[in-house]
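# Summary of structural features
Residues per chain, in single letters:
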4 protein chains.
Amino acid sequence: MKGFAMLKIGETGWIEKEKPQLGPNDALVQPLALSPCTSDVHTVWEGAIGDRHNMILGHEGCGVVAEVGSNVKDFKVGDRVMVAAITPDWNSVEAQEGFPMHSSGMLAGWKFSNFKDGVFGEYFHVNDADGNLAILPDSISPAEACMISDMVPTGFHGVELADVRFGDTVLVIGIGPVGLMAVRGAALRGASRILAVGTRPNSVEVAKKYGATDIISYKDGAIDAQVLELTNQKGVDRVIIAGGTVDTFAEAVRCLKPGGIIGNVNYLGGGEFIQIPRVEWGVGMGHKTIVGGLMPGGRARLEKLSSLVSSGKVDVSLMITHRFEGFEKVEDALYLMKEKPRDLIKPVVVL
Amino acid sequence: MKGFAMLKIGETGWIEKEKPQLGPNDALVQPLALSPCTSDVHTVWEGAIGDRHNMILGHEGCGVVAEVGSNVKDFKVGDRVMVAAITPDWNSVEAQEGFPMHSSGMLAGWKFSNFKDGVFGEYFHVNDADGNLAILPDSISPAEACMISDMVPTGFHGVELADVRFGDTVLVIGIGPVGLMAVRGAALRGASRILAVGTRPNSVEVAKKYGATDIISYKDGAIDAQVLELTNQKGVDRVIIAGGTVDTFAEAVRCLKPGGIIGNVNYLGGGEFIQIPRVEWGVGMGHKTIVGGLMPGGRARLEKLSSLVSSGKVDVSLMITHRFEGFEKVEDALYLMKEKPRDLIKPVVVL
Amino acid sequence: MKGFAMLKIGETGWIEKEKPQLGPNDALVQPLALSPCTSDVHTVWEGAIGDRHNMILGHEGCGVVAEVGSNVKDFKVGDRVMVAAITPDWNSVEAQEGFPMHSSGMLAGWKFSNFKDGVFGEYFHVNDADGNLAILPDSISPAEACMISDMVPTGFHGVELADVRFGDTVLVIGIGPVGLMAVRGAALRGASRILAVGTRPNSVEVAKKYGATDIISYKDGAIDAQVLELTNQKGVDRVIIAGGTVDTFAEAVRCLKPGGIIGNVNYLGGGEFIQIPRVEWGVGMGHKTIVGGLMPGGRARLEKLSSLVSSGKVDVSLMITHRFEGFEKVEDALYLMKEKPRDLIKPVVVL
Amino acid sequence: MKGFAMLKIGETGWIEKEKPQLGPNDALVQPLALSPCTSDVHTVWEGAIGDRHNMILGHEGCGVVAEVGSNVKDFKVGDRVMVAAITPDWNSVEAQEGFPMHSSGMLAGWKFSNFKDGVFGEYFHVNDADGNLAILPDSISPAEACMISDMVPTGFHGVELADVRFGDTVLVIGIGPVGLMAVRGAALRGASRILAVGTRPNSVEVAKKYGATDIISYKDGAIDAQVLELTNQKGVDRVIIAGGTVDTFAEAVRCLKPGGIIGNVNYLGGGEFIQIPRVEWGVGMGHKTIVGGLMPGGRARLEKLSSLVSSGKVDVSLMITHRFEGFEKVEDALYLMKEKPRDLIKPVVVL
């Protein structure tokens, strides 16, 4: 089968590979739609996960079941299915303890285009199919389903980590697609006020549609100073970090109320340390919780979050700014993601 | 009235002051026993909370109610009472939201020898008496009650912040009196294995009595390396930080499992930043929660925690290594705390 | 001062009383708007809380501060304020443990027209003013503020008790004003599907505007049978009970998934027992949690929930079907509530 | 292979069956020790789970791995293993949502001697072996390991459901082996006072060793009246129900504080309804949570709970009052359980 792959750090290309072998719990899926992610760009051109050779890229997509292992009970050939970017081993100690994304090691629930070939192939392999697939309802298009692979569950995980409550004032740092979903999730979780940090006009417009009440540009000065001014020096109840660097945390701590929570879902690509300012962190005793986490993945979550899309509560189509047709356009889509033109939020390739 | 005070940074002495004025919700208490805290040493000789002049020191003690405000319902003159080091304003938004220790500002629930005179006087003032006093049961001696002012509730708050569960492996960094109480609290919360970091023989012996299963010396190398070796490279489920510096957190993160929690109750006196190692923190996505907090204070908590002392589940007397008699010995006790002889855990002055 | 009172069970009338005396933490408020509650009807004509004589009725309203006690810090004469129906003693053990509504005894946080005169007077008394008042923002009208006294916080407490999560299917039983607010709260908390039980056309229409996706009439058969049919025999994740009787719980248990929660905010006026069907409750082991609770009250909550109103996320005006002008119209409003014409949701009296 | 079976309701006997077939995720285990449970008695002589024919009994035991499916990664032939009575399907939606015991239907995680043959055979079958087995450490004897199958995890689940906190007063109703483990779990979770209801002298003695501070006999009158007297009319913070009938809940509600929790782990064999007294339940608003649940099962939990046994914090040997040797003694052990002599807590058969 054909696949679009990372040949080595800095180089991509089309390759030919054997169709993946199936274990008894696994499934083989033929894609209906695919979407590249910023992580794919980091993987190829920044060597974010280290060197990989001839590894098929991609972890966002949906498709049709082409084959199932002998032990798969709930899915059959021909089923249209969603799949999350993170596909844990459910029969593991870590999943039992509530952290499936770290099954078999920290972050090891991330398998696509990391520990095995990704979804940008004529077929892709899904482990623990009963736990990692979900039926794609007719009310959701394949393009929309791609957003449910990673953008929706990751953005919403930021909201879960930050534990947004009724009437909270929430700061969302970064309004790329994950940050936009964090905005939508915070709005759907009952926040009263959502301050979103970003500058790209398209993203700003969508952020407002999703529920952002205030837009902050990092170009206008330190985020914490702006937030404190906008909140009458009170600061915010919650921060969701969906962009920035290791230095973003210090700004977040400075404008967070005592008792508040910072939930990070941003991949931190560089820097040795995240720096927490001692004094503003209450000399160690301000109850400002800091946590970051990879999204959980899994069928239960796919079903729950997709029900928000099919019921119209989350309109993911607002994020799809560029559409391509045909498998081979995956290459163009990835390069578009790399170039990141100013009007881009997410590209999707429909097969 | 007479009180033992910080005259200015670096200088202490006995002073004469007016008896404190009572508001309608307040009480005046005459001490039965008092104990100096490491914080008192930091306050005087390190200027930890900034300059203060002629401020009576001390926040650990118990006593007899000498006077009550017109609005106090549950306590009367002559009642023997416990009081916590932290005395929040209970009629505040912050208390309603679950963070009484930050009522009227971050850490502002800490009033004794910070925003007002402390307990080392012939009388001391207690705000919101109905919410901040608790009856001292006959089964608890005044000396023991001093341990319930700060050491018990602070050490146990570390256990609460870290959310220790049945069967957990817990690392407690620091086995001064707060760390010892964190060890006891972790044992009482169902931990299976408790690794305690410390070197002073007296403290080590008490740590073992309280439930520590492994003792680690920071003199034998980095804590994280020792912990990983002792746990078969698996790391620990929870870390309670009750000693060390801003640099301690990096060691804690390195030996914490994904999904684990670090609960800090150590006052961080210096350093601009706490540094969180990016890679071991799962590049932002390892679900290693970091939180630190001042203990809550309050009557409900005093009643609950003291019931563990009176039922024999927490033997605080093991921590009291030095006993003095007579009010004027508060000075000797503080200077003992400053010198910190190798066999000292806590001194107590019984009046 | 004048007040509209329950003279005895079954009888109401206007009475003359002394203005309430203020303690140091209290405030006196002059009403701007008032609203009768179904509870007032139960109190007078069903003797729900037992006999009371010449007790001024009412617990929903807002007003202007007319006088403050010596110890009140955050409010002054002339402030326009909101107040919740439940006004706890914040300086109590129960409040410290997270249950202010039960301060000084189960349900004893409910003071207005229960343990003291209610708000239907020329003035009303508010205990613990700093903790029980909140500034009424200009963006909220006095009529709307009346909805924030009880309907919003009670309906939303149902959502909190039931712990509604992203993508949940939620059953709301009863769509009087509390049930309507439960519908709105469930929608704002991220429910995908909300099945609401009710028949009055006005309420049904508003329920849909608030986010109900399915309307069920108890006239069409047992609720559980209808719910199971609508959910493909799967049942619901959460149930909020905001109407019905002690028998409603059995229906709720029968259509609740294992692991689900029933949150009750309905006052149960009669019947000796709530009956939980043994088999459908998993012979004791189905993890179907049952909890009911009086709403918490308090300033923090008033500020949070009113921010949802002022930000436009909760349009309480949809519930106000009848408006009166002038203090003396409180009587008409109460009798309207008693008669309960088919188009009534809530009446409000603006002074 | 040979097995001791329920032939039909009311009749037991030895039968010959084929060795179980293994799926790719399964294992076959040869028992080292076995223990009958009260549930086995209910199953056979009360028809508790309906009629079953020639079904091998038993769900408490440990053994040696005799065979593994092709997909099993963490266990190999010859490993000595523990296994819980509940063996969920981990690759299921319910497990992902935190309720593995209800995977594939309410209570359907209970498979042994319910939906398939139990452990009283020469071999027994374990589904999802990687998730349902755990290595038996050398420090735990096979007899002790039998207690970790059901008594420990069920009793401790009661403590988890009731969410026991530091300093709580806890009522444990029933001190059969599950209730005894609830006592031990409550003590290990930081309860100050544990009131245990029971009369059998052996059980009473062990309950005290496990941490019970007060013993109540139901023969001395209603439990709630006794509890209220012992607690100065305050009632208890938490109730764990580990014995009794559907009527036990009313007593529990009557002596539970507002804000308290009732956690049930008792199988309710008869009665149409659990009856919750309306008034003492706060007319629906007293925040008295009622929940009951089957224990979770699974390897993570086996590892955590067994670490409490191997570290000496839970001495399960106190419960083993009767010991047998040889497989064929399973019959005697079950009949002993049926007769329930006054000195019996648990019998174990070592092979």
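Below is a short write-up of the structure. (Residues numbered from 1 in each chain as written. Chains lettered and ligands numbered in written order. Predicted model: local features only at pLDDT ≥ 70, side-chain atom pairs only at ≥ 80, totals over all residues. Heavy atoms only, no water.)

## Here's the deal with the relation of the copies chain A and chain B
- Laying chain A over chain B is done by rotating through 180 degrees and shifting 0.0 Å along the axis; what remains is an RMSD of 0.0 Å. On this basis, the relationship between the two copies can be described by a two-fold rotation axis.
- Mapped onto chain B, 100% of the interface residues of chain A are again interface residues, and the two copies thus contact each other with one and the same surface. (Least-squares fit on C-alpha atoms with pLDDT ≥ 70 in both. Contact = heavy atoms within 4.5 Å.)

## What to know about the interface of chain C and chain B
- Taken together, the contact pairs 19 residues of chain C with 17 residues of chain B.
- Of the roughly 1,500 Å² buried between chain C and chain B, counting both surfaces, carbon and sulfur atoms make up 50%.
- Three residues, C:Trp90, C:Asn91 and C:Gln96, lead the burial of chain C against chain B; their summed loss comes to 38% of the area buried on that side.
- The element best represented in the side of chain C that touches chain B is helix 10 (residues 299–310) of chain C, accounting for five residues.
- Partitioning the side of chain C that touches chain B into residue classes produces five nonpolar, seven polar and seven charged. (Buried area = accessible area lost by both parts, 1.4 Å probe. Helix = DSSP H or I, 4+ residues; strand = E, 2+ residues; numbered from the N terminus. Nonpolar A, V, L, I, M, F, W, Y, C, P; charged D, E, K, R; others polar.)

## Brief notes about the interface of chain A and chain B
- Between chain A and chain B, the residue contacts involve 43 residues of the former and 43 residues of the latter.
- Taken as a group, A:Arg278, A:Met285 and A:His287 account for 21% of the area that chain A buries against chain B, more than any other trio of residues on that side.
- Counting across the interface, chain A meets chain B through zero salt bridges.
- One can count 25 residue pairs in polar contact (both at pLDDT 80 or more) joining chain A with chain B.
- Residue assignment for the side of chain A that touches chain B shows that the elements contributing at least two residues are helix 5 (151–162), helix 9 (248–254), strand 13 (256–264), strand 14 (273–277) and strand 15 (289–292) of chain A.
- Its residues placed into classes, the side of chain A that touches chain B shows 22 nonpolar, 16 polar and five charged. (Salt bridge = Lys/Arg side-chain N within 4 Å of Asp/Glu carboxyl O. Polar contact = N/O pair within 3.5 Å; in protein donor to acceptor, adjacent residues only side chain to side chain.)

## Structural notes on the packing of helix 4 (residues 142–149) of chain D against helix 5 (residues 151–162) of chain D
Residue and element names in this part refer to chain D.
- The N-to-C vectors of helix 4 and helix 5 enclose an angle of 40 degrees; their axes lie 3 Å apart at closest approach. Mapping the contact onto sequence places Met147, Ile148 and Ser149 in helix 4 and Met151, Val152 and Pro153 in helix 5.
- Taken together, the residues of the contact of helix 4 with helix 5 sort by class into five nonpolar, one polar and no charged. (Axes fitted to C-alpha atoms, helices over the stretch in contact; angles between N-to-C directions.)

## Looking at the pattern of salt bridges
- For the structure shown, the criterion picks out 72 salt bridges over all chains.
- A:Asp168 serves as the salt-bridge partner of A:Arg238, at 3.9 Å between the closest nitrogen and oxygen. Here A:Asp168 lies in the loop between helix 5 and strand 9 (169–173) and A:Arg238 lies in strand 12 (residues 236–241), a separation of 70 residues in the sequence. For the residue pair A:Arg238 and A:Asp168, the accessibility class agrees, reading buried in each case.
- Ionic contacts of the salt-bridge type, sharing partners, join the residues A:Arg165, A:Asp168, A:Asp237, A:Arg238, A:Lys257 and C:Lys304 into one network. (Buried < 20%, exposed > 50% of the residue type's maximum accessible area, 1.4 Å probe, protein only.)

## Notes on the pairing of strand 3 (residues 27–35) of chain B
Residue and element names in this part refer to chain B.
- The element strand 3 is extensively covered by neighbouring structure, given that eight of its nine residues are classed as buried.
- Pairing geometry for strand 3 and strand 5 (residues 60–68), over eight bridges, is antiparallel. Looking across to strand 5, one finds that Leu28 is bridged to Glu67.
- Here strand 3 pairs with strand 7 (residues 124–126) via three bridges, running antiparallel. When the bridges of strand 7 are listed, Ala27 appears paired with Val126.
- Pairing of strand 3 with strand 17 (residues 346–350) involves two bridges; the strand directions are antiparallel. Each bridged residue has a counterpart across the sheet, and for Leu34 the counterpart in strand 17 is Val349. (Pairing = 2+ DSSP bridges.)

## Overview of the relation of the copies chain C and chain B
- For the pair chain C and chain B, the superposition axis carries a translation of 0.0 Å, the fit reaches an RMSD of 0.0 Å, and the rotation angle comes to 180 degrees.
- Looking at chain C, 89% of its interface residues are interface residues in chain B too, so the copies touch through the same face.

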